[in-house]
Every structure is written in structure tokens, then in C-alpha cells.
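Descriptive analysis of the structure
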Amino acid sequence: MFADASRPAVHLLAVQPWFRRLPAEMASRVTEEVSTHWGDKGELLLRAGEPVEGWYAVVSGLAKLQSQSPQGRLSVFLGVAAGDWFGEGSALKAEARRYEVVALRETCLLCLPLHLFNELQATQLEFNQTLVAQMNMRLAQGMAVIEAGRIRSPEQRVALYLSRLFWHGRKRLDLSQEELGHLAGLSRQTVNRVLQKMQQDGLVSLAFGRVNILDEQALLLVMNRAAPDWP
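Residues numbered from 1 in each chain as written. Predicted model: local features only at pLDDT ≥ 70, side-chain atom pairs only at ≥ 80, totals over all residues. Heavy atoms only, no water.

Let us now look at the packing of aromatic side chains. All chains considered together, the criterion is met by nine aromatic pairs. Where Trp-18 meets Trp-85, the ring centres are 6.0 Å apart and the plane angle is 70°; that geometry is what we call edge-to-face. Residue Trp-18 is located in helix H2 (residues 17-20), and its partner Trp-85 is located in strand S6 (residues 85-86); the two are separated by 67 residues in the primary sequence. Residues Trp-18 and Trp-85 agree in their burial class; the two are buried. The rings of Trp-18, Phe-19, Trp-55, Trp-85, Phe-117 and Phe-127 are connected pair by pair, giving a single aromatic cluster. (Phe/Tyr/Trp six-rings, centres within 6.5 Å; stacked < 30°, edge-to-face > 60°. Helix = DSSP H or I, 4+ residues; strand = E, 2+ residues; numbered from the N terminus. Buried < 20%, exposed > 50% of the residue type's maximum accessible area, 1.4 Å probe, protein only.)

This part takes up the pairing of strand S8 (residues 107-113). When a strand is regular, its side chains alternate between the sheet's two faces. In terms of burial, S8 is a largely internal element, seven of the seven residues being buried. Burial along S8 is two-sided: Thr-107, Leu-109, Cys-111 and Pro-113 and Cys-108, Leu-110 and Leu-112, pointing in opposite directions, are all buried. By the bridge criterion, six bridges tie strand S3 (residues 54-60) to S8 in an arrangement that is antiparallel. Directly across from Gly-54, in S8, lies its bridge partner Pro-113. (Pairing = 2+ DSSP bridges.)

Purely spatial values, then, with no claim about function.
In C-alpha cells:
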């Protein structure tokens, strides 16, 4: 689904350090050639197996990146919030996309076309520095997700998916319990139970569709608590 979202898309570009350092002509080309894609809650925004068309950012909303096994089992491995970019690895390799992107709420994506991505990567130092930092962050997130799959405690998984590793230290997360459950691989009921306990302990406060982080250090302790031994 497509829609005119030029104003928020231009605003998102304007706050990118690499964009602000572009020569005027290149900045104009980028502004003119980016495209936007809208999707409703639950809609498939980008399909696995399709050619990669560029580098993506979430302009508004929230999306999840997931893969599906031949047996139909879904593995959700990342949530991407407004202002965040994703898909740089696929763009650099110019391979078919290995995962699908699904809107967790009404979501708008921005796409920087692949030919411009390649040109910026070949000519702009600041753009390359951004890509290195982005890929380093994704590596840390990927390792955490792998570890989370081996941790049986729901409390640890919820704490992980509330941490600055995924939300860059934001204290207010506009995230419903259902959305958090999708990301952590837990039922909404389990997430609710965990969050209620965290609220009682003073780690978070809850409002409709929102989690406020009150004690980041305590969340970190929960996240890093030693997992029980495997039987």
C-alpha cells in the first residue's frame, strides 16, 4: 500500500547526521527519490524471497522482522520502531530478502533506493560510518536474541526486549503488551503477568499501550540474571 508521507519522510532524513553532510545536489536527489510504503496492522510490508529494493527506515509505527520455517513455525527476531533503519546487510549483499517485515500497527516505511544506497556507500564517509555503527548494533542485538532463545525465564525475555539494546535508552515505550509478546515470543497473558510484577517492584509503570521504564539498572539485573541449568 502506498501513500503520500513526504513530510514525515523528509523530517526523518533531515535528522540523519549522514544526510546533513551530503553535498546539496546529492541531498536533493535522495529527497526526491526515496519512496514511502504504508501498511495496516498485521499487513505484510516486505516479503521474504523478493529482491531487495533499498535500505529501509520506519517513519511511523512499529514493524517486526520475522522468518518462517518450511514447517510454518515463525521466529520473530527484531522489532523496528519509528526512526530506526533496517536491512543494511541485505542491501550490501544485494541478495533476496531472507525475512519478512510485518506491521504491528499502522506503519509507514521509507525506502532509500538501492542505486542511491550503493552510490552513498561508495562515496560518502559519514554514510559508511553510519552503516558500520548500525551493523555493530545489529550484531549485538542478534547475539542477544540467540541467547534469549536459550533462556527459559519469561522475566528475562521481557527485560531484554525492554532494554536499551533495542530501544536506545528510551524511557517511554509506546508498546502494547500484545506487541511486546510478539517480539519476545510470549503470550500476551504471560507478558501481562511479568509486567504487573515489574510494576509492583518499581521497575516500570504501565499505561494503555505504553510501558514507562523507571529503573533501567534493575531491568538490566533481571535481564542478566543467571539462567537455571538445563535439566
